[in-house]
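# Working through the structure, step by step
Spelled out from the first residue to the last, the chains are:
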Amino acid sequence: MRKILLPCLLMLCSPVSGSESLPLQWASEGTQMVIVTTSDWQAPSGRLQTFERQDGQWRSTGQDFPVTIGKNGTGWGLGLHEPQDGGPVKVEGDGKAPAGIFRIGLAFGQPASVATSLTYQAMTADDWCIDVNDSPLYNRIVSTRDIGTQAIKGSTEPMRRDIHNGDHVYKKGFVIAHNPENRPMGGSCIFAHLWRSTGAATAGCTAMTEPDMDRLLLWLNHNRNPVFVLLPESEYVRLRTQWQLPELTSKN
């Protein structure tokens with residue numbers, strides 16, 4: 001059976017709550033961190049850097065490149081972090097990328113395989129991510145071969161966009177585990193993927209060039225419990241000590 005339930009593949013079948021949501025969890029268990037910072041809440045683009053933890057310290061790996069995010073900027077999402085006061089909040093269809101800290105889930109794409117140590121799933125024309133709020137499959141990647149075509153009615157997220165939409169933004173990418181409890185209207189189907197064209201913003205995902213994606217996928221390793229952080233620069237400064245985040249390198 002090939003049905004893909006997004007939370008289970010991300011090892012997030014149970015809600016993240018209580019002490020499990022504290023920053024100590026990602027600081028002690030995770031040894032890879034992808035960080036995207038933006039100039040402010042409204043910015044549709046940002047800068048991505050990667051870090052790995054060595055001897056208890058976060059150290060830059062040297063990856064540093066531009067990305068685009070939601071066309072309407074950023075809003076607080078649902079992830080490993082505790083709720084924050086101030087700033088906009090991400091909701092379904094708002095064109096914002098979720099801010100916060102999130103697990104990185106499976107890698108996906110059009111090729112039969114890609115060079116990565118993440119769990120990889122080659123997508124087919126039958127695979128969809130459900131963005132319909134009242135669907136019991138909301139925020140999950142599923143296959144119509146398992147659930148039938150009626151179950152994806154109204155969804156606008158085919159995982160083979162090259163077949164259904166005529167573009168290649170999902171040629172390679174990975175899941176950002178936003179809204180792991182699949183709360184209706186919380187926002188769904190948040191990925192890192194290829195950008196449509198240079199500098200083109202997204203509906204809420206993080207996009208980049210294919211060479212940058214290739215290097216990122218090659219570096220990421222499921223066994224190192226990687227996490228994804230997206231924050232406006234002012235929020236990064238405010239939360240850096242509390243969330244035990246690395247000091248960012250100077251801009252190129």
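How each quantity is defined
- Residues numbered from 1 in each chain as written.
- Predicted model: local features only at pLDDT ≥ 70, side-chain atom pairs only at ≥ 80, totals over all residues.
- Heavy atoms only, no water.
- Buried < 20%, exposed > 50% of the residue type's maximum accessible area, 1.4 Å probe, protein only.
- Helix = DSSP H or I, 4+ residues; strand = E, 2+ residues; numbered from the N terminus.
- Pairing = 2+ DSSP bridges.
- Patch = residues over 30% accessible without salt bridge, like charges linked within 9 Å, V, L, I, M, F, W, Y side chains within 5 Å.
- Areas by Shrake-Rupley, 256 points an atom, 1.4 Å probe, with all protein chains shown as cover.
- Salt bridge = Lys/Arg side-chain N within 4 Å of Asp/Glu carboxyl O.
- Arc of directions from axis to C-beta.
- Contact = heavy atoms within 4.5 Å.

A few words on the pairing of strand β5 (residues 97-109). Along β5, 13 of the 13 residues are buried, which leaves the element largely enclosed by surrounding structure. As judged from the 3 bridges shared by strand β4 (residues 74-76) and β5, these two strands associate in the parallel manner. Across the sheet, the residue bridging to Trp 76 is Ala 99, located in β5. With 4 bridges joining them, β5 and strand β12 (residues 227-232) adopt antiparallel strand pairing. Following the sheet pairing, Phe 102 is matched in β12 by Phe 228. Of the strand pairs in this sheet, β5 and strand β6 (residues 120-122) are connected by 3 bridges, and their pairing is parallel. Looking at the pairing, Ala 107 lines up with Tyr 120 of β6.

What follows is about a nonpolar patch on the surface. A surface patch of nonpolar side chains, amounting to about 250 Å² of accessible area, comprises Val 89, Val 91 and Met 185. Judged by relative accessible area, Val 89 falls into the exposed class, the value being 55%.

What follows concerns helix α5 (residues 210-219). If you check which residues of α5 are buried, you get Asp 212, Met 213, Leu 216, Leu 217 and Trp 219. Down the axis of α5, the buried side of the element spans an arc of 160 degrees, and every buried residue falls inside it.

This part covers the pattern of salt bridges. For the coordinates displayed, the defined rule picks out 13 salt bridges. In this structure, the salt-bridge partner of Arg 224 is Glu 52, at a minimum N-O distance of 3.3 Å. Remark: Glu 52 occurs in strand β2 (residues 45-54) and Arg 224 occurs in the loop between α5 and β12; sequence separation between them is 172 residues. Arg 224 sits in the partly exposed class, given a relative accessible area of 25%. You can call Glu 52 buried: its relative accessible area is 18%.

Further remarks concern the environment of Leu 245. Considering the arrangement of structural elements, one finds Leu 245 in the segment after α6 (233-239). Between the alpha carbons of Leu 245 and Ile 35 there is a distance of 9.3 Å; along the sequence they are 210 residues apart.

Here we take up the side chain of Thr 31. Its place among the elements puts Thr 31 in the loop between α2 (23-29) and β1 (32-38). Thr 31 gets classed as buried once you look at its relative accessible area, which sits at 18%. Contacts of Thr 31, omitting those with residues within four sequence positions, involve Phe 51, Glu 52, Arg 53, Trp 58, Arg 224 and Asn 225.

With that settled, the discussion passes to unusual backbone geometry. Most peptide bonds take the trans configuration, and most residues that are not glycine carry a negative phi. Positive phi, normally seen in glycine, also occurs at Asp 55, with a value near 55 degrees. Tracing the chain through its elements places Asp 55 in the loop between β2 and β3 (57-68). Residue Asp 55 is classed as exposed on the basis of its relative accessible area, which comes to 78%. Even without being glycine, Asn 225 reaches a positive phi, approximately 50 degrees. Here Asn 225 is to be found in the loop between α5 and β12.

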